[in-house]
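Structural overview for review
One letter stands for each residue in the lines below.
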Protein chains: 2
Amino acid sequence: MKIAVDAMGGDYAPREIVDGCVRAAKELADCEIVLVGDEAKIKAELKRWNGWEKLPITIHHCTEVIEMGEHPADAVRQKKDSSVVVATRLVREGKCDAVFSAGSTGAAVTAAQLILKRIKGIKRPTIATPIPTPRGVTLLMDSGANVDSKPIHLLQGALMGSIYSELVFGKKEPKVGLVNIGEEETKGDELARTTYPLMKKMTTIKFAGNAEGRDIPEGNFDVVVCDGFVGNALLKFGEGLAKMFYKLVKDGVKEAGIIAKLGALLLMPTLKKIGKRVDVTEYGGAPLLGVNGCCIIGHGSSKAKSIFSAIRVSNEFAKSKVLDRIKEATVKEEMLQNLDEI
Amino acid sequence: MKIAVDAMGGDYAPREIVDGCVRAAKELADCEIVLVGDEAKIKAELKRWNGWEKLPITIHHCTEVIEMGEHPADAVRQKKDSSVVVATRLVREGKCDAVFSAGSTGAAVTAAQLILKRIKGIKRPTIATPIPTPRGVTLLMDSGANVDSKPIHLLQGALMGSIYSELVFGKKEPKVGLVNIGEEETKGDELARTTYPLMKKMTTIKFAGNAEGRDIPEGNFDVVVCDGFVGNALLKFGEGLAKMFYKLVKDGVKEAGIIAKLGALLLMPTLKKIGKRVDVTEYGGAPLLGVNGCCIIGHGSSKAKSIFSAIRVSNEFAKSKVLDRIKEATVKEEMLQNLDEI
């Protein structure tokens, strides 16, 4: 597969992007990289790697960059030669099989919507963020692309997430949960209460009931579905908590005596092993599901390791039949065609 | 102050409730406890403590208990002699200064609403959960009492939380944040976008802008305000994450060799010190703000230590002028009287 990578997007672009791509080009089978951005800058980074010319990496030059603070829709419309826009266009034109960007999420989503267009029947593309759990990975739909969702958006999110979980993460009959504040069908806000009975009727997914907040880190569901406001708040809250725990332990050990320091040293290999099991950088990228093309979004703070993982995920996504299956299921799940009003 | 305690509510009632109350009666100044529930059962637990008769503890017998699974409104109406209803009634009748329950949250909230009634002008009572952070404590409003909130509910939540934070936690000019998915005023769902400009106009609080998920565990605000659906999902997600981290480390050390075990042993005092700084049981109870009386709600899984903390908090709440200040501020903040329609 050929992956168009926005080389200029992200807090550590282009260096960490290039480094992650070099590793991907070396290690992944059937994976070509097209680095999109300022050719001189990209080349300067590539030159740090001996023999990069022999890797399946090419550069596609463009002149503009969309910065993090810019208004996504305005920027995408005005900067037609920006790295994220050009990379997305390469997918639409069939020159690449997937696009990856760790730049402004809003810009990447807008570019995908405007250039790749929505899959017929899908109302709103949705960001599916993989959350590592002790049992594997749970897909959170939606992580912030859509707010003020209606039931139809959550139902389509459930359908798309379920297909992605099956085809990319290899889960058989993924368990889908509706994020809610109680177990019972009657619990929750209006959106949850209206969505529950409809989701129960879906024939293309395995709906397993309400998912409370704690079910997500415990890995009790393969896919959990909620409005993007809730999903985004949850993700950032979790990030903050994890960072806070880490900082407290680090500072605690620093301030403590020699005995605690020795203890930390002896425990380190075990902690590292645990860290690896729940390492968010292992999944590096979140697919935007519901557009006509494979689009993967990375965290702005991604470093080479996350970029590598995201390229791996993009490659798997591009190889999979996710888009075809979404198209089929959207037609098959007749109910979804008649829910425009809710 | 005299605290009416629902002795029958909670996963470990009555034993852990009684144990927490015995400690509170011993250690807290000016604190009397009225244990409400089955006299025989309560006495059996009290008898395990030598000399309990000399402590400021009395028993108020009643015959019924509201179980966790019952429908709150039905149960409160039907079980007029249940421990939570009777305890709440003791506050309304002026026989106690505060009520505490670790039983069904729905039942405690409903009892407070029906028996104590709302403060004039307050639309919806709100559960304020204290979240421990490295910088102290952040108050989360609302933690699940209200869903489908309108701006007026968040504005009143901001006002009540700010007063509680000031008078009970001693924060001067508490920084209030609106939970949102971005920093800018224009970000978020309809509720957040409508609430932001109104909250900015409030004169009785110090509004400090949007609080993203990560701001909460970092302790960047003293009070954060959101709809109860979001607040509840966040709290339970955080609980689940913390438990998962703990379990992973515990299991990791168990499976590891003697060196890691020694490391864990040496590190233990430091980890315990850190644990204490972010120990949720240190705050043990969440006030229900907006009713005419001091009502504190505990986690169903509370053990003696949490119960003790909750009684301490109830005592401080009862001593404070929070209710008077809420009444004053609701009148002073004129805008709040004219927002019925939004």
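Definitions and cut-offs
Residues numbered from 1 in each chain as written. Chains lettered and ligands numbered in written order. Predicted model: local features only at pLDDT ≥ 70, side-chain atom pairs only at ≥ 80, totals over all residues. Heavy atoms only, no water. Pairing = 2+ DSSP bridges. Helix = DSSP H or I, 4+ residues; strand = E, 2+ residues; numbered from the N terminus. Axes fitted to C-alpha atoms, helices over the stretch in contact; angles between N-to-C directions. Contact = heavy atoms within 4.5 Å. Patch = residues over 30% accessible without salt bridge, like charges linked within 9 Å, V, L, I, M, F, W, Y side chains within 5 Å. Areas by Shrake-Rupley, 256 points an atom, 1.4 Å probe, with all protein chains shown as cover. Salt bridge = Lys/Arg side-chain N within 4 Å of Asp/Glu carboxyl O. Buried < 20%, exposed > 50% of the residue type's maximum accessible area, 1.4 Å probe, protein only. Least-squares fit on C-alpha atoms with pLDDT ≥ 70 in both. Core = buried A, V, L, I, M, F, W, Y, C linked by side-chain atoms within 4.5 Å. Buried area = accessible area lost by both parts, 1.4 Å probe. Nonpolar A, V, L, I, M, F, W, Y, C, P; charged D, E, K, R; others polar. pLDDT = per-residue confidence, 0-100. Right-handed = clockwise from strand over helix to strand, strands pointing away.

It is worth spelling out the sheet that holds strand β10 (residues 285–289) of chain B at this point. Strand pairing in a sheet relies on backbone hydrogen bonds, with the paired strands running either antiparallel or parallel. Residue and element names in this part refer to chain B. Taking strand neighbours across the sheet as the criterion, the 11 strands line up as β3-β2-β1-β4-β11-β10-β5-β6-β9-β7-β8 in an open arrangement whose pairing is mixed. With one partner strand each, in any of the chains shown, β3 (57–61) and β8 (206–211) form the two edges of the open sheet. Sheet twist, expressed as the average angle between the axes of neighbouring strands with direction ignored, equals 25°. Note: strand β2 (residues 32–37) against β3, five bridges, orientation parallel. Paired with V34 across the bridge in β3 is T58. Sheet strands in contact with helix α2 (residues 39–46) are β2 and β3, and its direction is about 155° off that of β3. This element, helix α11 (residues 304–319), spans β1 (2–6), β2, β4 (98–101), β10 and β11 (294–298) of the sheet and lies at about 165° to β11.

Here we come to a nonpolar patch on the surface. On the surface, M268 and L271 of chain A together with V249 of chain B cluster together into a nonpolar patch covering about 190 Å² of accessible area. Note that L271 of chain A resides in helix α10 (residues 258–277). Classification of L271 of chain A by relative accessible area gives partly exposed; the value is 30%.

Right, let's talk about the relation of the copies chain B and chain A for a bit. One copy of the chain maps onto the second through a rotation around an axis plus a translation along that axis. When chain B is fitted to chain A, the residual RMSD is 0.1 Å, and the transformation amounts to a turn of 180° plus an axial shift of 0.0 Å. Both copies of the chain, as the preceding transformation shows, are related through a two-fold rotation axis. When C-alpha distances to the rotation axis are compared across chain B, the minimum falls at G263 of chain B, with a value of 1.8 Å. Looking at chain B, 100% of its interface residues are interface residues in chain A too, so the copies touch through the same face.

One finds M199 and I311 of chain A together with M199 and I311 of chain B to be the most contacted residues of the largest nonpolar core, which totals 168 residues. Ignoring any residue separated from it by four or fewer positions in sequence, one finds I311 of chain B in contact with I3, V5, C21, A24, L28, C31, I33 and F100 of chain B.

Tallying the contact residues gives 48 residues for chain B and 48 residues for chain A. Summing the contributions of chain B and of chain A, the shared interface buries around 4,500 Å²; its carbon and sulfur component is 78%. Per-residue buried area on chain B facing chain A is highest for I181, F229 and F237 of chain B; these three make up 16% of the total on that side. At the junction of chain B with chain A, the criterion picks out six salt bridges. Between R193 of chain B and D148 of chain A there is a salt bridge, with the nearest N and O atoms lying 4.0 Å from each other. Looking at the side of chain B that touches chain A, the elements that each hand over two or more residues are α7 (190–201), α8 (215–218), α9 (228–255) and α10 (258–277) of chain B. Among the elements that take part in the side of chain B that touches chain A, α9 of chain B stands out by supplying 18 residues, more than any other. Class assignment of the residues belonging to the side of chain B that touches chain A gives a composition of 29 nonpolar, 10 polar and nine charged.

The next thing to look at is helix α4 (residues 83–92) of chain B. Residues and elements named next belong to chain B. Summarising burial for α4: eight of the 10 residues are buried, a large majority. All buried positions along α4 are accounted for by S83, V84, V85, V86, A87, T88, L90 and V91. One or two steps after α4, the chain reaches G94, where phi turns positive at roughly 75°.

Glancing now at the confidence of the model for chain A. In this model, chain A carries an average pLDDT of 92, and 97% of its residues clear a pLDDT of 70 or more. Reported confidence for the predicted complex is 0.89 by ipTM and 0.91 by pTM.

On to the pairing of strand β5 (residues 126–133) of chain A, then. All names here are of chain A. The buried fraction of β5 amounts to eight of the eight residues, a majority that puts the element mostly inside the structure. Along β5, one buried face is formed by T126, A128, P130 and P132 and the opposite face, lined by I127, T129, I131 and T133, is buried too. Bridge count for β5 against strand β10 (residues 285–289) is two bridges, and the pairing is antiparallel. Pairing of T126 across the sheet is with L289, part of β10. With six bridges connecting them, β5 and strand β6 (residues 136–141) associate as antiparallel partners. Its bridge partner lying in β6, T129 is registered against L140. Hairpin connection from β5 to β6: two residues lie between these consecutive antiparallel strands.

Per the counting criterion, the structure on display carries 36 salt bridges over all chains. A salt bridge links E239 of chain A to R214 of chain B, with the shortest nitrogen-to-oxygen separation between them at 4.0 Å. Of this pair, E239 of chain A sits in helix α9 (residues 228–255) while R214 of chain B sits in the loop between β8 and α8, which puts the two residues in different chains. Looking at E239 of chain A, the relative accessible area reads 28%, which means it is partly exposed. K247 of chain B is the partner of D251 of chain B in a salt bridge, and the nearest nitrogen-oxygen pair spans 2.6 Å. You can see D251 of chain B and its partner K247 of chain B sitting in helix α9, four residues apart, about one turn around the helix. A network of salt bridges, in which partner residues are shared, links R15, D19, E45 and R48 of chain A.

It is worth spelling out the pairing of β2 of chain B at this point. Residue and element names in this part refer to chain B. Burial of β2 is extensive: five of the six residues sit out of reach of the surface. Where β1 meets β2, five bridges bridge the pair, whose relative direction is parallel. The residue bridging A4 from the neighbouring strand is V34, located in β2. Between the parallel pair β1 and β2, the chain is carried across by helix α1 (residues 15–27), and the sense of this crossover is right-handed. Crossover β2 to β3 through α2 is right-handed.

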